[in-house]
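Listed here are the chains, written in short residue letters.
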Amino acid sequence: MKTATPATDAALAKDPRLKLIAAKIKKENYKPDALIEILHTAQNAYGYLPMSVLKYITKQLHLPPSRVYSTVTFYHFFSLKSKGDHTCLVCTGTACYVKGAQAILNEIENQFSLEPGQVSADNKLGISVARCIGACGLAPAVVLDDEVLAKATAEEIVNKINAKIVES
Amino acid sequence: MPKIAVTIDDKKLDVDAGKTILEICRENGIEILTMCHLKGLTDVGACRLCLVEIEGINKLLSACTTKIAANMVIKTQTEKIKRYQNITCELFYAERNHVCSVCVANGKCDLQKLGYKTEMDHIRYPYLFPQCNVDTSHAWYVLDHNRCIMCTRCVRVCAEVEGAHNWNVMNRGNKVRIISDFDTPWGESETCTSCGKCVHACPTGAIWPKAIVQGQLEKKPEMITELIEKRKMNL
Ligand code: SF4
Ligand code: SF4
Ligand code: FES
Ligand code: FES
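Please read these numbers as outputs of a predicted model, since none were measured by experiment. The written sequence of each chain sets the order in which its residues are numbered from 1. By the order in which they are written, chains take letters starting at A while ligands take numbers starting at 1. This being a predicted model, a pLDDT of at least 70 is required before a residue's local features are given, and a value of 80 or more before pairs of side-chain atoms are given or counted; all residues contribute to the totals for chains, interfaces and linings. Excluding hydrogens and water, the side-chain values take into account all heavy atoms of the structure.

Q: If you had to explain the nonpolar core to someone new, which residues and values would you point to?
A: Residues belong to one nonpolar core when they are buried, are Ala, Val, Leu, Ile, Met, Phe, Trp, Tyr or Cys, and are joined through side-chain atoms within 4.5 Å. For each residue, the accessible area found with a 1.4 Å probe, counting protein chains only, is set against the maximum for its type, and the residue is called buried under 20%, exposed over 50%, and partly exposed in between. Among the nonpolar cores identified, the biggest contains 54 residues, and I21(A), I57(A), C88(A), I108(A), I133(A) and I157(A) are the most heavily contacted of them. With 6 residues, helix α3 (residues 35-46) of chain A is the largest single contributor of residues to this core. Any pair of residues with heavy atoms lying within 4.5 Å of one another is described as a contacting pair. Residues within four places of I21(A) in sequence aside, it is in contact with I38(A), T41(A), A42(A), Y46(A), V53(A), Y56(A) and I57(A). Counting residues in hydrophobic clusters, the runner-up holds 25 residues, among them L41(B), V161(B), W167(B) and V169(B). In this text, helices come from DSSP runs of H or I with a minimum length of four residues, and strands from runs of E with a minimum of two, each type numbered from the N-terminal end.

Q: Outline the domain arrangement of chain A, listing residues and values.
A: When the parts of a complex come together, some accessible area is lost, and that lost area is often used as the size of the interface. Residues and elements named next belong to chain A. One can read the domain layout of chain A as domain 1 (7-74) and domain 2 (86-167). Listed by partner, the interface residues are 7 residues for domain 1 and 12 residues for domain 2. Buried area: the accessible area, evaluated with a 1.4 Å probe, that two parts lose upon being put together, summed over both parts. Interface area, domain 1 with domain 2, both sides summed: about 680 Å², of which 58% is carbon and sulfur. A per-residue breakdown of the area domain 1 buries against domain 2 is headed by P16, R17 and L20, which together make up 64% of the total. Whenever a carboxyl oxygen of Asp or Glu lies within 4 Å of a side-chain nitrogen of Lys or Arg, that contact is scored as a salt bridge. Here domain 1 is connected to domain 2 by 1 salt bridge. Reported domain spans reflect what an automatic or database domain assignment gives.

Q: Break down the interface of chain B and chain A for me, with residues and values.
A: With 13 residues of chain B at the interface, the matching set in chain A holds 14 residues. With both sides pooled, the region where chain B packs onto chain A buries about 1,100 Å², and carbon together with sulfur makes up 65% of that total. For the chain B face of the interface with chain A, the top three residues by lost area are N168(B), R172(B) and F182(B), together amounting to 57%. Counting residues per element, the side of chain B that touches chain A draws most heavily on strand β8 (residues 167-170) of chain B, at 4 residues. Of the residues that constitute the side of chain B that touches chain A, the class distribution is 5 nonpolar, 5 polar and 3 charged. Any residue that is not Ala, Val, Leu, Ile, Met, Phe, Trp, Tyr, Cys, Pro, Asp, Glu, Lys or Arg is counted as polar, Gly included; the first ten are nonpolar and the last four charged.

Q: Account for the site of ligand 2, naming residues and giving values.
A: Distances are taken per atom, and a residue is near a molecule or strand as soon as one of its heavy atoms is within 4 Å of it. Ligand 2 sits among 13 residues. The nearest are C148(B), C151(B), T152(B), C154(B) and C202(B). Across the shell around ligand 2, the residue classes break down as 11 nonpolar, 2 polar and no charged.

As structure tokens, this is what we get:
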């Protein structure tokens, strides 16, 4: 059974990161052997591996849940806990790169001293990158927590991040 | 099966090619200590007890995962092997919390038997006293991580014989633990069929049925071997 359940369809429609994972799974032809590659995509997209995403991948690849969990806990690259209260994912796919993703990342680094993959010392902010989240029309695209920000500018992103951090 | 000549403990033998050193030794009545081996399951060489010395190879190899080869000269009972087996046995006891007097497997436990076999009289390593859970969520069985030696016999029997894949291993180093599903309580597992095979495969008091009293545990791992062999017969 390779079709998504209704619940995941709804989630898919809402969450571009899940779409990214779905695309990766399809590209790997639902091969169980591609588990690690798919987990990489998920880890990069979310900054960690939420249980709901693990369950989704497990179902799609028809793997025993314990196999997936075993793999995730074996490699230090994967993490099961959120990397920061707020996460900012900057798409560095071709379209977004061309439209200035690097400038956004540079400004984030200037303002918050965080590089992709890092979390602030107070755990309030985590930065990650992904290769094309499938929203090239919106380039450069940034996902701040669950919100997709289209045609983002560095200044706008920094302001929004600041607002999030103050709010929490 | 073609025959090959080997020497084990100074005895010349004509044995089947293609088998493991452990299989050959067992067939010829040569005793080899094992923990993670259960006849019929895939051998993984996890416990490091079945070590043998082979002439021309300067490290000890596990008999369960090493195939016999022509003209091998094998020794199974050297001082070096015994020393390593003693260390391994002591490390098992030091790694988790083995308190035999209050364990369901007391008197019926393969780890205890190993302690007697290696004549363990003290443990030279500091005990780690790790914090270990006891999962009692399953209706019939208990998994007590305090008694687990990570032999993975439960993992393999569940995957290879039952086909349910409930068990696996999480983390690494001394944080490794047996898990069901997504480290889900056993009773909430979506894959466990409650067949009880892991109960019989487990060599210690780590997995046991609830309906027994302390010291009354009766495990029949040979039942699993028999099942595997019967399945291979084309009836
Ligand atoms: S599992 Fe075996 S060695 Fe461990 S406490 Fe129980 S009887 Fe003792
Ligand atoms: S629970 Fe038992 S069978 Fe499973 S790894 Fe631990 S000791 Fe071995
Ligand atoms: S490159 Fe960023 S959405 Fe496609
Ligand atoms: S029986 Fe060979 S390593 Fe455990």
